[in-house]
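Residue-level structural notes
Letter by letter, the chains look like this.
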Amino acid sequence: MSSGTATFDVASVLREVKTIRAEGLVRIRELSLPLLRRAASAHSTVVTDAWPVEVENLLRTALAGLGGGDLEEAAALTLGLAPGMRDRPAADRRRLAARVYSVSVERFRKSHEDMVLGQIAEQVCWIAGTPASDHGASPSPLLAPHLQHRTLRVDSRSLTLHVHPVELLRDVDVIVSPLNTHLSLPETYKASVAAALRRSGTLHDAAGDVIGDPVHDELLGWRAANGSRGRPVLPGTVAPTGPGGLAARGIRRIYHAAVAVPRPGTNRYDVSPQDVTAAATRALALMGEEGNSFEPPLRSVCFPLLGAGRGGLSPQTSISALWAALAGDSPQNRDVHLIVRRPPLAEVVADVLRARRVDQETAGHEERGHGCV
């Protein structure tokens with residue numbers, strides 16, 4: 001690819017980053033990396049045959065822009081940029097990166113790895129599009145995934161919309177987790193929100209082995225204390241537990257919202273919008289009931305799209321049902337967050353809430369118009 005035709009789109013750069021992840025830093029010279037070579041050479045002051053080093057330095061600059069934390073650590077490990085990792089086999093690097101997020105290697109490969117390497121590709125594209133004089137040891141970073149968000153305003157309420165896996169959420173007091181009416185947590189290797197929170201809440205020893213499953217254990221205790229150990233609860237019920245290992249991320253409570261009713265003899269569920277609204281309303285009320293018993297009080301809460309996974313609700317229906325609860329809630333200085341995994345879902349959420357804002361504004365104009373008659 002010539003310098004005049006190089007296009008630094010994220011998908012193309014990501015393919016080259018993945019090639020390095022698979023083959024390793026020590027084999028860069030053998031790889032076809034036209035975009036990374038172009039981005040690296042544009043910011044090199046001397047033309048030499050050391051382009052593999054230039055590409056590696058480009059990746060290290062991109063790594064430094066991730067903002068630290070688990071994201072930067074996992075990226076450094078999986079790409080071999082961490083100390084002592086450059087000549088380690090790809091399987092070893094992936095295993096150690098998966099351990100950062102306390103997930104299985106397969107789960108990391110299917111989900112987290114694309115997110116981690118995608119953030120490196122985003123940084124490379126940013127670097128490639130800015131003058132060399134703007135680049136020092138500490139480039140202005142893109143926001144790391146646990147900070148990627150947008151603010152939505154509907155009526156008098158502001159909501160923060162996050163776009164990333166739920167296990168990367170930080171510093172929100174309460175996460176509402178959708179669950180079935182038996183309040184039975186899925187296994188940690190599953191792909192649901194509830195499974196991700198259980199997995200992230202497990203406790204590990206120094207070797208990375210699981211030594212405790214506190215979210216699961218506390219939920220069993222709640223079921224026993226509330227007489228629901230052998231029977232389902234009513235849809236809309238909310239059971240609180242501690243966060244387990246998520247406390248290290250600033251999470252203080254998990255509210256397990258029973259919204260999915262299992263269909264007997266199948267692996268399917270039924271979820272009604274009314275039950276989503278009831279569960280969200282109950283979660284907000286529970287925050288009010290127990291919030292002041294914590295120091296500091298519980299003030300922030302995050303909702304995923306309840307019932308929009310295997311529950312079968314469309315994202316539009318789920319966010320509308322959630323908004324029915326949020327719109328009727330007295331803010332009480334409450335900080336409300338929403339979370340989705342992918343950018344297209346974020347656009348759906350924004351569009352639905354934007355339409356509701358327009359409807360409210362239209363209704364307000366009509367009421368004022370009638371008042372003038």
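Residues numbered from 1 in each chain as written. Predicted model: local features only at pLDDT ≥ 70, side-chain atom pairs only at ≥ 80, totals over all residues. Heavy atoms only, no water.

1. Some remarks on the overall build of the chain
Operational definition: The numbering of helices and of strands both runs from the N terminus, where a helix is a DSSP run of H or I of at least 4 residues and a strand a run of E of at least 2. Buried residues are those whose accessible area, probed at 1.4 Å on protein chains only, stays under 20% of the maximum for their type, while exposed residues exceed 50% and partly exposed ones sit between those limits. Should any heavy atoms of two residues lie within 4.5 Å, those residues are considered in contact. Only the protein chains shown count as cover for residues, and the accessible areas themselves come from Shrake-Rupley with a 1.4 Å probe.
Helix and strand counts for the chain stand at 11 helices and 10 strands. Counting every position in the chain, which comprises 373 residues, the buried fraction comes to 48%. A separation threshold of at least 6 residues defines the contact pool for the chain, and within that pool the share at least 24 residues apart is 62%. Of the roughly 17500 Å² that the chain leaves accessible, carbon and sulfur atoms contribute 52%.

2. What to know about helix H5 (residues 90-100)
Every buried residue of H5 is accounted for by Ala-90, Arg-93, Arg-94, Leu-96, Ala-97, Ala-98 and Val-100. On its buried face, H5 is in contact with helix H1 (10-23), helix H4 (69-79) and helix H6 (105-128). Following H5 by one or two positions, Ser-102 has its phi on the positive side, about 55°.

3. Looking at unusual backbone geometry
In the segment running from Glu-295 into Pro-296, the intervening peptide bond is cis, with an omega of 0°. If you trace the backbone, Pro-296 turns up in the loop between helix H9 (273-290) and strand S9 (300-303). Even without a glycine there, the phi angle at Leu-183 is positive, about 50°. One can find Leu-183 in the loop between strand S3 (174-180) and helix H7 (193-201).

4. Focus: the packing of helix H2 (residues 34-41) against helix H3 (residues 51-64)
The criterion, for reference: Simply put, an axis is a line fit to the C-alpha atoms, just over the touching stretch for a helix, and the angle between two N-to-C directions goes from 0 to 180 degrees. Angular relationships are summarised with four words: roughly parallel below 35 degrees, roughly antiparallel beyond 145, roughly perpendicular across 65 to 115, and oblique for the angles in between. Residues are sorted three ways: Asp, Glu, Lys and Arg are charged, Ala, Val, Leu, Ile, Met, Phe, Trp, Tyr, Cys and Pro are nonpolar, and all the rest, Gly among them, are polar.
Running from N to C, H2 and H3 point in directions that differ by 85°, and their axes come no closer than 9 Å. When the axes of H2 and H3 are compared, the pair comes out roughly perpendicular. Mapping the contact onto sequence places Leu-36, Arg-37, Ala-39, Ala-40 and Ser-41 in H2 and Trp-51, Glu-54, Val-55 and Leu-58 in H3. Of the residues in the contact of H2 with H3, the class split is six nonpolar, one polar and two charged.

5. Points about the pattern of salt bridges
Heads up, the condition is: Each salt bridge in this description consists of a side-chain nitrogen of Lys or Arg and a carboxyl oxygen of Asp or Glu lying within 4 Å of one another.
Across all of its chains, the model carries 21 salt bridges by this definition. For Arg-86, the salt bridge goes to Glu-56, with nearest N and O atoms at 2.8 Å. Residue Arg-86 is found in the loop between H4 and H5, and its partner Glu-56 is found in helix H3; the two are separated by 30 residues along the sequence. For Glu-56, a relative accessible area of 10% translates into the label buried. We note a salt bridge from Arg-253 to Glu-290, for which the minimum N-O separation is 3.0 Å. Of the two residues, Arg-253 is situated in strand S7 (residues 253-262) and Glu-290 in helix H9; the sequence distance between them amounts to 37 residues. What makes Arg-253 buried here is its relative accessible area of 13%. Exposure remark for Glu-290: the relative accessible area of 14% places this residue in the buried category. In the salt-bridge network here, residues are joined through shared partners; they are Arg-21, Arg-94 and Glu-113.

6. Thoughts on the side chain of Asp-213
With respect to the secondary-structure elements, Asp-213 resides in the loop between strand S5 (210-212) and helix H8 (214-225). A relative accessible area of 15% means that Asp-213 is categorised as buried.

7. Here's the deal with H2
Cut-off, in case you're wondering: Of all possible arcs, the one meant is that of the directions from the helix axis to the C-beta atoms.
Of all the positions in H2, only Leu-35, Leu-36, Ala-39 and Ala-40 are classed as buried. Take H2 and look down its axis: the buried residues cluster within an arc of 130°, on one side only. Residues of H2 that are buried make contact with H1, H3 and H6.

8. Side note on the packing of aromatic side chains
We apply this condition: Ring pairs shown here join Phe, Tyr and Trp side chains whose ring centres sit within 6.5 Å, with only the six-membered ring taken for Trp; geometry is labelled stacked below 30 degrees between planes, edge-to-face above 60, and tilted in between. Only Lys NZ and Arg CZ are tested; either one counts as a charge over a ring when it is within 6 Å of the ring centre and within 35 degrees of the ring normal.
As enumerated under the stated definition, the model contains zero aromatic pairs in all. One residue, Arg-37, lies across the ring of Trp-51, its end atom 3.9 Å from the ring centre.

9. Observations concerning the nonpolar core
Here is the rule: Throughout this description, the term nonpolar core refers to a set of buried Ala, Val, Leu, Ile, Met, Phe, Trp, Tyr and Cys residues connected via side-chain atoms within 4.5 Å.
If you look at the biggest cluster of nonpolar residues, it comprises 44 residues, and the most contacted ones within it are Val-13, Ile-20, Leu-36, Tyr-101, Val-116, Ile-120 and Val-124. Of all the secondary structure elements, the ones that give two or more residues to this core are H1, H2, H3, H4, H5 and H6. Considering each element in turn, this core owes the most residues, nine residues, to H6. Once residues within four sequence positions are removed from consideration, Leu-36 is found in contact with Val-13, Glu-16, Val-17, Ile-20, Val-55, Leu-58 and Val-124. Core analysis: the next-biggest nonpolar cluster, separate from the first, contains 40 residues, Val-154, Val-174, Val-271 and Ala-346 among them.

10. Observations concerning the confidence of the model for the chain
Interpreting fine coordinate detail is not advised for predicted regions of low pLDDT. This is how the line gets drawn: Per-residue confidence from the prediction method is given by pLDDT, with values spanning 0 to 100.
Summarising the model, the chain shows a mean pLDDT of 83, and 85% of its residues fall at 70 or more. For residues 1-5, every residue scores under 50 in pLDDT, and the model assigns this stretch five contacts once sequence neighbours within four places are set aside. Taken as a whole, residues 132-146 scores under 50 in pLDDT and shows 30 contacts with residues more than four places along the chain or in a different chain.

11. Observations regarding the pairing of S9
Along any regular strand, the residues point their side chains to alternate faces of the sheet. So the rule is basically this: The rule for pairing is simple: two strands pair if DSSP sees at least two bridges between them.
Of the two faces of S9, both are covered, the one formed by Ser-300 and Cys-302 as well as the one formed by Val-301 and Phe-303. Relative to S9, S3 runs parallel, the two being bridged by two bridges. Across the sheet, residue Ile-175 finds its bridge partner in S9, namely Cys-302. Of the strand pairs in this sheet, S9 and strand S10 (residues 335-340) are connected by four bridges, and their pairing is parallel. The residue of S10 that forms the bridge with Val-301 is Val-336.

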